[in-house]
Amino acid sequence: MNEELFLPGHRACAGCGETIAVRQILSVAGENTIAVVPTGCLEVVSTSYPETAWKIPLIHVAFENAAAVASGIDCALKALGKRKGINVLAFAGDGGTFDIGLQALSGMLERGHNVKYICLDNEAYMNTGIQRSSATPYAASTTTSPLGKYSIGESRKKKPIGAICIAHDIPYVATATIAYHLDLKKKIKKALEIDGPCFMHILVPCPTGWRFPSELTIELSRLAVETGVFPLWECEGSDMSNLKITKKVAHRKPVKEYLQLQGRFAHVMRNEKLLAEIQKEVDEKCAKYGL
Ligand SMILES: Cc1ncc(C[n+]2csc(CCOP(=O)(O)OP(=O)(O)O)c2C)c(N)n1
Ligand code: SF4
C-alpha cells in the first residue's frame, strides 16, 4: 500500500463515507495525482486555510465546474509534455455532478479528456444543510423534501447517472462503495490504466444527512449492495449489455434491512404500502441488471 495521502485531523463528521472513499482511492492512485475538488463537504472539511488534509496537489474549484477545470489540467499537462504518469482525479458530490456540474461533465466526457471523474454520492446537498438533489432516493426525507401531512419525502426517483455517462460512449463507467474496498480499488486501478475519460459512481453513506449512528457507515454501504439498492457493476463502452455485475448477491436481503437503520426513512417503516412500493422498484431494477 502507498503512504497515507489523505491525513487525519480534518473536520469531517465521525463516520463520514466521503473521507473513507478518498483514502481508499488515493491509496491506489498514489502521489503523482492532482485532485480537483469543487465546493461541498469534502472540500470544506479538508482544506480549512492554512491547513490541508491532502498530501497531493489540489485545486478547489467552483461548484459547477470540476470537469471543466480537470479538462484544462489535462490539456495543460499535454501542452507542457508532462502528461505521462500523472493522474487527474475530479472528486465531486452528487449535487456537483448529477445537477449543477452535469453540463461540464458531459462536455468533458464528449471531448474525451484523460480525467477520472469520481462522484462521491451521499444523496443530498449535505454541506449546505441536507437539501435534496437529483440523486436523493425516492421517499427520503430531506430539508427540501420533508416528510409532511401531504408529503412522503422525496417524490422523484434517483437520476440514472451511470446510464447517462455510458451513453456518452466513454471507455469505462463503474459503481462502487466503501464496504467493498477491494472492488473499489480494482476499479480505480483499471480506470487509471485507461487513457481517456472514466466515471466512477461511489455511494458514500453520510451519518448526519441519512441520520444513522456513525459506526454504521460501512454496514450501510454493505447493505446497500446486499439489498440490491446499489448494485456494483462496471461497463466498458456505450453498450449497456456490456454491463458486468462485479458483486453477485446470492440471497438478496429485504430492502427494509437497509432503510430501517436510517432516520430519513423512519416514516417508511410505518407505511407498509410505501415500503412495498420501494421493494418492488428495487426488484425491478435488479431484474433489469440480472442481479
Ligand atoms: C453556484 C453555487 N451554488 C450553490 C452553492 C452553495 N453550495 C456549496 S456546497 C453545496 C452543496 C454541495 O452538495 P454536494 O455536491 O452533493 O456535496 P456534499 O456537500 O453533499 O458532499 C452548495 C449548494 C455554491 N457554492 N455555488
Ligand atoms: S455531513 Fe455527511 S458528507 Fe458532510 S462531512 Fe458530515 S458525514 Fe461527511
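Below you will find a few notes about this structure. (Residues numbered from 1 in each chain as written. Chains lettered and ligands numbered in written order. Predicted model: local features only at pLDDT ≥ 70, side-chain atom pairs only at ≥ 80, totals over all residues. Heavy atoms only, no water.)

Turning to the overall build of the chain, a few remarks are in order. If you tally the helices and strands in the chain, you get eleven helices and ten strands. Its C-alpha atoms give the chain principal-axis dimensions of roughly 60 × 45 × 35 Å. Here the chain, with 291 residues, has 52% of them falling under the buried criterion. Considering only residue pairs separated by 6 or more positions, the chain has 70% of its internal contacts joining residues 24 or more positions apart. Put simply, the chain shows about 13,000 Å² of open surface, and 55% of that area lies on carbon and sulfur atoms. Counting 34 positive and 30 negative side-chain charges, the chain places the centres of these two groups 2 Å from one another. (Helix = DSSP H or I, 4+ residues; strand = E, 2+ residues; numbered from the N terminus. Buried < 20%, exposed > 50% of the residue type's maximum accessible area, 1.4 Å probe, protein only. Contact = heavy atoms within 4.5 Å. Areas by Shrake-Rupley, 256 points an atom, 1.4 Å probe, with all protein chains shown as cover. Lys, Arg positive; Asp, Glu negative; His and termini not counted. Charge placed at Lys NZ, Arg CZ, Asp CG, Glu CD.)

In the region of ligand 1, 17 residues are neighbours, and Glu18, Cys41, Gly95, Gly96 and Met126 sit closest. Separating an oxygen atom of ligand 1 from a backbone N or O atom of Cys41 is a distance of 2.8 Å. The separation between an oxygen atom of ligand 1 and a polar main-chain atom of Met126 is 2.9 Å. For ligand 1, whose unbound accessible area comes to 590 Å², protein coverage reaches 75%. Residue composition of the shell around ligand 1, grouped by class: six nonpolar, eight polar and three charged. (Near = heavy atom within 4 Å. Polar contact = N/O pair within 3.5 Å; in protein donor to acceptor, adjacent residues only side chain to side chain. Nonpolar A, V, L, I, M, F, W, Y, C, P; charged D, E, K, R; others polar.)

Inspection of the sheet shows strand S1 (residues 33–38) paired to strand S2 (residues 58–61) by four bridges, in the parallel sense. Paired with Pro38 across the bridge in S2 is Val61. Crossover connection from S1 via helix H2 (residues 41–46) to parallel S2: handedness right-handed. (Pairing = 2+ DSSP bridges. Right-handed = clockwise from strand over helix to strand, strands pointing away.)

Position of Lys256 among the secondary structure elements: in helix H10 (residues 256–259). Of the residues examined, Lys256 reaches a relative accessible area of 40% and is grouped as partly exposed. Setting aside its immediate chain neighbours within four residues, Lys256 contacts Met269 and Leu275.

This next bit is on unusual backbone geometry. Following Tyr49, the chain continues to Pro50 via a peptide bond in cis, the omega torsion being 10 degrees. Within the secondary structure, Pro50 is located in the loop between H2 and S2. Positive phi, close to 65 degrees, is recorded for Ile130, a residue that is not glycine. Secondary-structure assignment places Ile130 in the loop between strand S4 (116–121) and strand S5 (147–148). The backbone of Asp169 shows a phi angle near 55 degrees, a positive value even though the residue is not glycine. Mapped onto the fold, Asp169 is located in the loop between helix H6 (161–166) and strand S7 (172–177). For Asp169, a relative accessible area of 51% translates into the label exposed.

With respect to spatial proximity, the complete set of residues near ligand 2 consists of Cys13, Cys16, Glu18, Cys41, Val45, Asn122, Cys206, Pro207 and Thr208. Sorting the residues of the shell around ligand 2 by element identifies H2 and helix H8 (207–210) as the ones contributing at least two each. Its residues assigned to classes, the shell around ligand 2 shows six nonpolar, two polar and one charged.

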